[in-house]
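Here are the chains, one letter per residue:
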Amino acid sequence: MNGAAHHGDRLAKTPVRISAQYEGGPGDIARGRELARGFLARSRAARGVAVSDRTVDVVQLVVSELLTNACKYAPGPSLVDLELAEDRVEVSVWDSAPVLPVPAASDPGRIGRHGLEIVMAVCQTFEVHREPVGKRTTAVVRLTDG
């Protein structure tokens, strides 16, 4: 194997990550979706990563729902981390509220408050952990359908 091919293999296995801080305003949610969309588009173009259109939509939805919860229920800033590794995108949102979210019982008649249910349904994994300050919510989405 020549050096260039080896270097390319190593890059393909190196996680790619982007982070952004938001202040808790309503425009943050749209900015978070744009961060996710741009991150995945650059991963497709620059690294040749196979990312389905569905995955782009799901990752934007997950970022939107997790940031919405941070804006509604946590005072102050939030942090969004997106990491591309092997066959998945890891979406992680930190906020300052120590209270862990609990999904509400399924109720098709309820208006609103379905975001956590939706995130849990479309993701491969979903976890919430307390941190020394606040909590971190992490969801994993497959890069390709199937």
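Reading the values: rules and limits
- Residues numbered from 1 in each chain as written.
- Predicted model: local features only at pLDDT ≥ 70, side-chain atom pairs only at ≥ 80, totals over all residues.
- Heavy atoms only, no water.
- Helix = DSSP H or I, 4+ residues; strand = E, 2+ residues; numbered from the N terminus.
- Buried < 20%, exposed > 50% of the residue type's maximum accessible area, 1.4 Å probe, protein only.
- Contact = heavy atoms within 4.5 Å.
- Axes fitted to C-alpha atoms, helices over the stretch in contact; angles between N-to-C directions.
- Parallel < 35°, antiparallel > 145°, perpendicular 65-115°, else oblique.
- Left-handed = near helix turned anticlockwise from the far one by under 90°.
- Nonpolar A, V, L, I, M, F, W, Y, C, P; charged D, E, K, R; others polar.
- 1 Å grid on protein atoms, 1.4 Å probe; cavity = no way out; pocket = protein on both sides within 12 Å on 5 of 7 lines; lining within 4 Å.
- Points joined across faces, edges and corners; volume = space filled by probe spheres on them.
- Salt bridge = Lys/Arg side-chain N within 4 Å of Asp/Glu carboxyl O.

Caption draft 1: Geometry of the overall build of the protein chain. In terms of helices and strands, the protein chain carries four helices and five strands. In the protein chain, the succession of helices and strands from N to C terminus is α-β-α-α-β-β-α-β-β. Counting the 146 residues in the protein chain, one finds 38% classified as buried. A separation threshold of at least 6 residues defines the contact pool for the protein chain, and within that pool the share at least 24 residues apart is 63%.

Caption draft 2: Quick look at the environment of Val 89. With respect to the element layout, Val 89 can be found in strand β3 (residues 88-95). Classification of Val 89 by relative accessible area gives buried; the value is 0%. Sequence-wise, Val 89 and Cys 123 are 34 residues apart; in three dimensions their C-alpha atoms are separated by 10.0 Å. Non-local contacts of Val 89, meaning those with residues more than four positions away in its chain, are made with Leu 40, Val 59, Glu 83, Leu 84, Ala 139, Val 140, Val 141 and Leu 143.

Caption draft 3: Geometry of the packing of helix α2 (residues 27-47) against helix α3 (residues 53-73). Closest axis-to-axis distance for the α2/α3 pair is 8 Å, and the angle between their directions is 150°. On the basis of the axis angle, α2 is roughly antiparallel to α3. Relative to α3, α2 is oriented so that their crossing is right-handed. The segment α2 lies against α3, with Asp 28, Ile 29, Gly 32, Arg 33, Ala 36, Arg 37, Leu 40 and Arg 44 engaging Asp 53, Thr 55, Val 56, Val 59, Gln 60, Val 63, Ser 64, Leu 67, Thr 68 and Cys 71. Each residue belonging to the contact of α2 with α3 can be placed in one class, and the counts come to eight nonpolar, five polar and five charged.

Caption draft 4: How the structure looks around the layout of surface pockets. Of the voids in this model, the largest pocket is the one considered here, and its volume is about 500 Å³. When residues of the lining of the largest pocket are traced back to their parent elements, those giving at least two are α3, β3, α4 (115-122) and β5 (135-142). Broken down by element, the residue count for the lining of the largest pocket peaks at seven residues, all from α3. Taken together, the residues of the lining of the largest pocket break down into twelve nonpolar, five polar and six charged.

Caption draft 5: Structural view of the packing of α3 against α4. Direction vectors running N to C along α3 and α4 enclose 145°, while the axes themselves pass 10 Å from each other. Between α3 and α4 lies a crossing whose hand is left-handed. Residue-level contacts link Val 58, Leu 61, Val 62, Glu 65 and Leu 66 of α3 to Gly 115, Ile 118, Val 119 and Val 122 of α4. Looking at the contact of α3 with α4 residue by residue, the classes come out as seven nonpolar, one polar and one charged.

Caption draft 6: Focus on the side chain of Thr 137. Within the secondary structure layout, Thr 137 lies in strand β5. The residues contacting Thr 137, other than those within four sequence positions of it, are Leu 66, Val 91, Ser 92, Val 93, Phe 126, Glu 127 and Val 128.

Caption draft 7: Inspection of the pattern of salt bridges at higher detail. Per the stated rule, a full pass over the model turns up ten salt bridges. Two residues, Arg 17 and Asp 81, come together in a salt bridge whose shortest N-O distance is 3.2 Å. Of this pair, Arg 17 sits in strand β1 (residues 16-22) while Asp 81 sits in strand β2 (residues 78-85), and the two are 64 residues apart along the sequence. Of the charged contacts, one joins Lys 135 and Asp 95 as a salt bridge, the two residues approaching to 2.8 Å between their closest N and O atoms. You can see Lys 135 sitting in strand β5 and its partner Asp 95 sitting in strand β3, a full 40 residues away along the chain.

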